[in-house]
Number of protein chains: 2
Amino acid sequence: MHLFYTPDIKGSDYELNEEESRHCVKVLRLQANDLVFLIDGRGGFYRARIVHSNPKKTVLSVEEHSTEYGKRNHFLHIAMAPTKNIERFEWFLEKATEIGIDEITPLICERSERREAKTARLNKIITSAVKQSLKAYHPVLNEPVKYKQFINKVEEQKFIAHCMEGDKFSLKQCMIPGGRYTILIGPEGDFTPGELQEAVDCGFRPISLGNSRLRTETAGLEACFEVNFLNR
Amino acid sequence: MHLFYTPDIKGSDYELNEEESRHCVKVLRLQANDLVFLIDGRGGFYRARIVHSNPKKTVLSVEEHSTEYGKRNHFLHIAMAPTKNIERFEWFLEKATEIGIDEITPLICERSERREAKTARLNKIITSAVKQSLKAYHPVLNEPVKYKQFINKVEEQKFIAHCMEGDKFSLKQCMIPGGRYTILIGPEGDFTPGELQEAVDCGFRPISLGNSRLRTETAGLEACFEVNFLNR
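Keep in mind that this is a model prediction, so the values were computed, not measured.

Caption draft 1: Structural detail: the environment of H65 of chain A. All names here are of chain A. Topologically, H65 is positioned in strand 5 (residues 59-66). In sequence terms H65 and R47 are 18 residues apart; their C-alpha atoms lie 6.5 Å from each other. Apart from the residues within four sequence positions on either side, H65 is in contact with G44, F45 and Y46.

Caption draft 2: Fine view of the pattern of salt bridges. Evaluated as defined, the whole model comprises 43 salt bridges over all chains. Across the salt bridge formed by E64 of chain A and R47 of chain A, the nearest N and O atoms sit 2.7 Å from each other. Pair noted here: E64 of chain A is in strand 5 and R47 of chain A is in strand 4 (residues 45-52), with a separation of 17 residues, a long-range link. Linking E20 of chain B and K131 of chain B is a salt bridge whose minimum nitrogen-to-oxygen distance equals 3.9 Å. Of the two residues, E20 of chain B is situated in helix 1 (residues 18-27) and K131 of chain B in helix 3 (residues 119-132); the sequence distance between them amounts to 111 residues.

Caption draft 3: Up close: the packing of helix 7 (residues 216-230) of chain A against helix 2 (residues 86-99) of chain B. The contact between helix 7 of chain A and helix 2 of chain B brings their axes to 11 Å, and the two run at 70°. What the angle tells us is that helix 7 of chain A and helix 2 of chain B run roughly perpendicular. Side by side, helix 7 of chain A and helix 2 of chain B meet where E217, T218 and E222 of chain A of the first sit next to E94, K95, E98 and I99 of chain B of the second. Taken together, the residues of the contact of helix 7 of chain A with helix 2 of chain B break down into one nonpolar, one polar and five charged.

Thresholds, definitions, all that
Residues numbered from 1 in each chain as written. Chains lettered and ligands numbered in written order. Predicted model: local features only at pLDDT ≥ 70, side-chain atom pairs only at ≥ 80, totals over all residues. Heavy atoms only, no water. Helix = DSSP H or I, 4+ residues; strand = E, 2+ residues; numbered from the N terminus. Contact = heavy atoms within 4.5 Å. Salt bridge = Lys/Arg side-chain N within 4 Å of Asp/Glu carboxyl O. Axes fitted to C-alpha atoms, helices over the stretch in contact; angles between N-to-C directions. Parallel < 35°, antiparallel > 145°, perpendicular 65-115°, else oblique. Nonpolar A, V, L, I, M, F, W, Y, C, P; charged D, E, K, R; others polar.

In structure tokens, the structure reads:
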């Protein structure tokens, strides 16, 4: 099954850009009349046929189009401090996309050792995971945001996962299924007590993700697992 | 907190081997009277003090010893085909160790592109995850086994996760909490229908790990997550 990500598709014809045309003709060796599938990243899933195969511009004609393909019953936004070793954050993006996530915001916290994230490169990783796992919805990756800015904005069911002492709930206890969730995951070294208090003041509920001591990227994935699992 | 993995500890004194002695003295710069912690991989957690710091042999004296540290209420054995790209399998070992697993067997299946696994190297990855996530139990990594050999041996609650058509349960539906579980995870390209039938004939229940199309290593981690979550 040959899948292309075509966010700019409109109507019933589509022209692959030069890079994808080359891939389609030179690598996959597809020809006129061959069948391909397209996803637009907004829930659209298309069956299309190659009309004109050309390594510079290959033209496709849509035969069938379904909307809200694989739509989930909830919305998950994880705001997480990018890890010092960016590969671990990239790995989180790939796995969270496979399991199911809608929006990701790289958070810059007081103890963040990494204070930037190259979203263009990270988006490519998400896109290949989207294609690999056949998702018609492409998770949105936001530009990095400072912690204080972020927590004052978010709405919905809000949670902060941290490793400090104090009362914590599990998502199972306090999550309302079918909702919109925002979950904060701290950097290596966790949030500061001050950051935790600010989040609580903004209406975030402190949560625990179990008894294991998890790395930042594992905690993010555990949250992703739990939200998807509890919404099945 | 300085943690050492000491599987061969006996009694109240312990001598770090040359590699760890060097690490202790040269890297961590620890000296006589400094506090360190030890795990034996079998549930033993020790508080010890450096008696004699030496880059070739550093001697420790145990001050406190607790057993069954962080013992879980279940036993999870995942038998999974090593991925073509071994990094993905290594990643699974690290994450499964963080989340909670007891035994791993690399499975050689009909469609396995990788038919070997260097367990010495893989065990080092598990050990560092054990230390990083403060686990007193060290997961057991077995040597690779051929599929047919493996499925005829295992006991307990047995499941096979696959992507083919047919009746499947979720772990939530058919798993009995507090038990011993063996879960089979196939290679890229899945098990063959014949392999599936053989497992069913051996008493394995076919399970689904949700609606997402998951890579081999993600499926393994999803199974690990579900078992731990359902046993909380």
